[in-house]
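Secondary and tertiary structure notes
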Amino acid sequence: MEKRSELFGRHLKAGMASIAYLEGKTQQIVEEELGAPLHIAGVTLQRYKAGYLPSDPASIELLAEACVRRGLLGRIWLERFLDAARLPDSTKRDLIARLLPEQPPSHAALSQSNLPPPSYRHFVMRSSAYRAVVKSLQSEHSTSQLVSLSGMGKTTLAHYIASEQQYGQQVPKLFSASVWISDNNRPNSISLRSIVERIAQVLDYPGIALLPLEEALSKSEELLRRHAVLIVIDNAETIGDNALLHWLDRLPKPSHALLISRFRLPNLSNSAVIELGPMNTSEIQSLLSDRLARNKGHYLYGKPAEIDRLAQRIGGNAKALELAFGLLYYQNSALLEAELPSSQVDLFKELLGRSWRLLDTPARMLLYALTFFPVSASKEALAYCADLSLAGCECHCQRLVELALFEQEQSEGQQTRYRLHPLVRAFATSQFACLPDYQQEQLHMRWLTWCLELSNSSPQYGATPEQLAALEQEYETIQSAIIWAEDHRNDRILIKLIEGLRPLYTLRGLWASKVLENLRRQRDAAQRLGDQNGVVVALAQSVQILSKHKQLEQAACPLAELQQFVQSSQGALQPASIFEYQVALALYATAQGEHQRAEGLWHELLAPAQARSRWHALQVRRWLANSLLAQAQFEAARALFQELQVDAEAINDIAAQVEGALRLAQIALEERVFDSAAAALESCRNLIDHDPERVHRAEFAWINGQYQRSMLEYSAAYKAFEESVELFERLGMEHEAERALGDLHNLEHEQILLN
C-alpha cells in the first residue's frame, strides 16, 4: 500500500503555488518543469499533491529544493515539508543545512558563542590529545571527557578546539555554536538549570529561562537537535547534580558535551575519555620559545642546558613550567632545580610560595582583589579595589603576568583584562584568609563599592545600549557580589546591587530566572531590615515579570503573598511601593486577558505615574493605550498613541516611539488605511535598530507581514511571518508565535486558492 500524508500534499501545493505566483506561470507549466528532472508525468505530481508520498527520497529532495530556491520558501516550510515526507532525521538535517545554511539573522547580532578570550598568545599544540578529542567529537558518544591533573593544560586545549570550531577556517566544522560554562570560583554551582539557562542565553532564546525546568529542558533539547552545539563544561569534577550527569549522558545529536575534569566522572556510560599527559620535550621547547619571544627585553637566569634539565625535573606540567619560567627572571635555574620538591602538590606550593615572596604589598593587593572577580577584571577595576593609581596598577599587573600569577586575556580591540588559573586562585584565596579581619573587610568593601558604582551608573529607565553593554560585561561579578552580600547579611548593599541590575532585565530580558531569585533575596533582605516597602517592591516586581511573560500560574503565589502583605500594612506604605503594587495588579489583569479591568487599573495609575516621573507616566499610558487597542477602541487608542510618540520623542524614549509607530500601523491595517500603515512602518523601521526592547522586532515583523499580505506581496509576507514566528519563539511568547504561525498557514492557503 502506498504511503500517504495529507500534510505533505498541502505543503507541496503551497510550494508549487509560490513558484507559479512568483514566476507568473500556470500550475500545469510548473508541474511539467518539476516533473522533467524526476522523469515523471504531471499526473504523478497530481498524486503527490493529493498526499501520496514519493517512493524515492531523491524525488522529495528535488521537490524541496525547487520550492525553496524558486518559491523562496524558508526554514519553517522546509522543516514541516520534510517531516511530513517522513525522511530520516539525518537526511532532513543534511538537506536543511544544504538548502538553508545557518546564518545570523539580520534583525539582531546573534551570539553563537560565549567562549572567553584566550589567555595564550601562542597555542602549544598537544598533538596526541588534540587528535583524540577531535575524533571523539565526531563519534556517537554524547560526551567526551578530557582528564588530567591540575595544571596540565586541559582547559587551554579544550578552549583551542572550541575556538577552532567557532572561528577557524582550516578545519571541518562539526558545530555551529559553542556554549562554555565553568564554576571556577564557586564549586558545585553547575546544575541542570544553569546549563539550560546558558544554552538559552548563547543560542539567543531568552524566553526558555523563565519556563519550568521540565519544559525548559524540552525546549533546550529541541534546540540541540536543530543546531549542532558544542557544550564545554570546565571544572566538571565539581558537578554534584546527578540529574545533570544523566541528562548529559543522553544529550541529543548532533550536539556534544566536552567535559574538562581532574578525574573520570562516574555515571557516564555514553562517554569517551581522553587523558592529557605531561608535555613532551618538543612541547616544552615550544612553550619556552614563546615565553622568550614575549619577553625579549628580559633575561632568564640559567644556561639552556640547565633550563632544559629544570623543565624535565618539573615533569611537563604546563602551569608549573610557566611558574618556573617566570621565576627564572629573578633566580638561577640550577639553584631553583636543586631546591624543588619531588611531589606535584609540594611542587606547586613551592613555586607559588617563591613567586609570592617576590611580590611587594601593592602586587599582593592586586592578587587578592582578582580573587573577588569570578571570571576576569579590567585594570581599572583592579586599581580601584587595590587603591592604586592606574599607572601603578599597570606596572604591577605586568609583573604578575611575567610570574604567571595573572593570565592576560588576548582580545583584539578590547580593554585589557586579567584572570586567574584555578591553582593560583586557590593559593591567593588561602593567603587572603591569613590577613587580619579588618583588612579583609576593607578589601571586600572596596570591591563592593566598585560593584555598586558600576551597577548604579546606568539609569533605571532609558539606559543607552553602551551603558547596558558595560553592565552586561560585569554581570557575573555583580551577581557574585550579591551572593557575597547575602552570605554576610549585608542587606542594604544587597538590595542596592539587585536594583542596579534591573535595566538588564527590563530592557534586555537577560537571565530572567536569576532576576526572580534575586528578587527573592531582595524580599528576604527587606524583611530582615523590617522594610515593609522593600518587601512590597520585590514581590510586586516578581509579579510584573511573570505577568509580562504570561506565566500566570507562577505569578499567582507571589501575587497572593503581595496582596496579603499590602492588606496587613495599610497606612505604612509609601506612594512608590503602592505604585509598584498597582502596576503588578494591572499587568496581571492584562496577562489574564481582562482588558476592561486592566483599562480601569491603568486609568487609576495615571496620576501616581505623573507624580513619579515623565518616564513612568509614559509607560502607564503605553499600557493604557494597549488595553484600548485590545478592546478594538481604535479611535481612542490611535489618539493616545499619537500623543505618546510626541512625548516619547521629547524624552528620547526610543522604545516608546517604536511601540507607538507599531500600534498606529496595526490600527491603520485594521481600518484598511494602507498608506498610513506604510508610513507608520517606515518610521518604525528607521528606529528599530536602536530599540533595546527586542519584542518590538518580533511585532514589527508580524505587522509588516500583515501589511505585505494586504498588498498581495506574498513572498515578502511569508518571510515576514516566518521571521516573526522565530523571534516570538526566541522570546518565549508562545501565544504570539502560534498566532503568527496561523497567519503563515492562512497565507499558504491563500496562495493555493489563487493558483
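Below you will find a few notes about this structure. Not measured: the values here are computed from a predicted model. (Residues numbered from 1 in each chain as written. Predicted model: local features only at pLDDT ≥ 70, side-chain atom pairs only at ≥ 80, totals over all residues. Heavy atoms only, no water.)

Considering the overall build of the chain
Each helix and strand in the chain was counted, giving 37 helices and eight strands. For the chain, the spread of C-alpha atoms along the principal axes amounts to about 90 × 80 × 45 Å. With 755 residues in all, the chain has 55% of them scored as buried. In the chain, of all internal contacts separated by at least 6 residues, the share reaching a separation of at least 24 is 70%. Accessible surface computed for the chain: about 33100 Å², of which carbon and sulfur atoms make up 51%. Considering the chain, the positive charge centre built from 75 side chains and the negative charge centre built from 90 side chains are found 4 Å apart. (Helix = DSSP H or I, 4+ residues; strand = E, 2+ residues; numbered from the N terminus. Buried < 20%, exposed > 50% of the residue type's maximum accessible area, 1.4 Å probe, protein only. Contact = heavy atoms within 4.5 Å. Areas by Shrake-Rupley, 256 points an atom, 1.4 Å probe, with all protein chains shown as cover. Lys, Arg positive; Asp, Glu negative; His and termini not counted. Charge placed at Lys NZ, Arg CZ, Asp CG, Glu CD.)

Quick notes on the packing of helix H9 (residues 192–202) against helix H10 (residues 213–226)
In a packed pair of helices, the relevant descriptors are the angle between the two axes and the axis-to-axis distance. Viewed as axis vectors pointing N to C, H9 and H10 meet at an angle of 45 degrees, and their least axial separation amounts to 10 Å. Taken as axis vectors, H9 and H10 run oblique relative to one another. In this structure, H9 crosses over H10, and the sense of that crossing is left-handed. When H9 is examined against H10, the residues Leu192, Arg193, Val196 and Ile199 are found in contact with a partner set consisting of Leu213, Ala216, Leu217, Ser220 and Leu224. Grouping the constituent residues of the contact of H9 with H10 by class yields seven nonpolar, one polar and one charged. (Axes fitted to C-alpha atoms, helices over the stretch in contact; angles between N-to-C directions. Parallel < 35°, antiparallel > 145°, perpendicular 65-115°, else oblique. Left-handed = near helix turned anticlockwise from the far one by under 90°. Nonpolar A, V, L, I, M, F, W, Y, C, P; charged D, E, K, R; others polar.)

A few points about the sheet that holds strand S2 (residues 177–182)
Taken in spatial order, the five strands of this open sheet run S2-S3-S4-S1-S5, and their pairing is parallel. Among the strands making up the open sheet, the edge pair consists of S2 and strand S5 (271–275). Neighbour to neighbour, the strand axes of the sheet diverge by 15 degrees on average, direction disregarded. Both S2 and strand S3 (residues 229–234) contribute to a ladder of six bridges, which runs parallel. Bridge assignment links tryptophan 180 to a residue of S3, and that residue is valine 232. Against the sheet, helix H7 (residues 127–137) engages strand S1 (143–147), S3, strand S4 (256–261) and S5, with an angle of about 175 degrees to S5. The strands touched by H9 are S2 and S3; relative to S2, the strand with the most contacts, the crossing angle is about 140 degrees. (Pairing = 2+ DSSP bridges.)

Quick word on helix H19 (residues 390–402)
Helix length check: H19, at 13 residues, gives a terminal C-alpha distance of 18 Å against a target of 18 Å (1.5 Å per residue), a fit within 8%. When H19 is considered as a whole, its buried residues turn out to be Cys393, His396, Cys397, Leu400, Val401 and Glu402. At the exit of H19 stands alanine 404, carrying a positive phi of roughly 65 degrees. (Expected span 1.5 Å × (residues − 1).)

Remarks on the environment of threonine 91
Along the chain, threonine 91 falls in helix H6 (residues 89–99). For the pair threonine 91 and proline 57, spaced 34 residues apart in sequence, the C-alpha separation works out to 9.1 Å.

Thoughts on the nonpolar core
Judged by nonpolar contacts, the single largest core of 186 residues is most densely connected at Phe373, Leu382 and Phe406. A total of 10 residues in this core trace back to one element, the largest contributor, which is helix H33 (residues 654–670). Residues in contact with phenylalanine 373, not counting those within four places in the same chain, are Ala381, Leu382, Cys385, Arg425, Trp447, Trp450 and Thr477. Membership of the second largest hydrophobic core comes to 32 residues, among which are Ala177, Leu211, Leu251 and Leu265. (Core = buried A, V, L, I, M, F, W, Y, C linked by side-chain atoms within 4.5 Å.)

Quick notes on the pairing of S3
Of all six residues making up S3, six are buried, and the element is well covered by its neighbours. Judged by which residues are buried, S3 turns out to be covered on both faces: Val229, Ile231 and Ile233 on one side and Leu230, Val232 and Asp234 on the other are all buried. In the sheet, S3 pairs with S4 via four bridges, with the strands oriented parallel. In the strand pairing of S4, isoleucine 231 is matched with alanine 257.

Quick look at the side chain of glutamine 166
For glutamine 166, the position within the fold is in helix H8 (residues 154–167). When its relative accessible area of 17% is taken as the criterion, glutamine 166 is described as buried. Polar side-chain contacts of glutamine 166 include one of 3.1 Å to the side chain of serine 178. Apart from the residues lying within four places of it in its own chain, the contact partners of glutamine 166 are Gln112, Ser113, Leu115, Lys173, Ser176, Ala177 and Ser178. (Polar contact = N/O pair within 3.5 Å; in protein donor to acceptor, adjacent residues only side chain to side chain.)

Re the environment of glycine 151
Tracing the backbone through its elements, the reader meets glycine 151 in the loop between S1 and H8. Placed 394 residues apart in sequence, glycine 151 and isoleucine 545 show a C-alpha to C-alpha distance of 44 Å. Contact partners of glycine 151, with chain neighbours within four places excluded, come to Asn317, Ala318, Lys319, Phe348, His421 and Leu423.

Observations concerning the packing of helix H18 (residues 379–386) against H19
Running from N to C, H18 and H19 point in directions that differ by 105 degrees, and their axes come no closer than 9 Å. Our classification of the angle between H18 and H19 gives roughly perpendicular. Facing Lys379, Glu380, Leu382 and Ala383 of H18, the residues of H19 in contact are Leu390, Cys393, Glu394 and Cys397. For the contact of H18 with H19, the class distribution of residues is five nonpolar, no polar and three charged.

Quick look at the pattern of salt bridges
Inspection of the entire model under this criterion finds 44 salt bridges. In this structure, glutamate 237 engages arginine 262 in a salt bridge whose closest nitrogen and oxygen atoms are separated by 3.2 Å. Taken together, the residues glutamate 237 in the loop between S3 and helix H11 (242–249) and arginine 262 in the loop between S4 and S5 connect sequence positions 25 residues apart. Assessed through its relative accessible area of 14%, glutamate 237 is described here as buried. Linked through salt bridges whose partners overlap, the residues forming this network are Glu486, Glu517, Arg520, Arg521, Arg523, Asp524 and Glu561. (Salt bridge = Lys/Arg side-chain N within 4 Å of Asp/Glu carboxyl O.)

Quick word on a nonpolar patch on the surface
The grouping of Tyr21, Leu22, Leu72 and Leu712 at the surface amounts to a nonpolar patch, some 330 Å² of accessible area in total. If you trace the backbone, leucine 72 turns up in the loop between helix H4 (57–71) and helix H5 (75–85). (Patch = residues over 30% accessible without salt bridge, like charges linked within 9 Å, V, L, I, M, F, W, Y side chains within 5 Å.)

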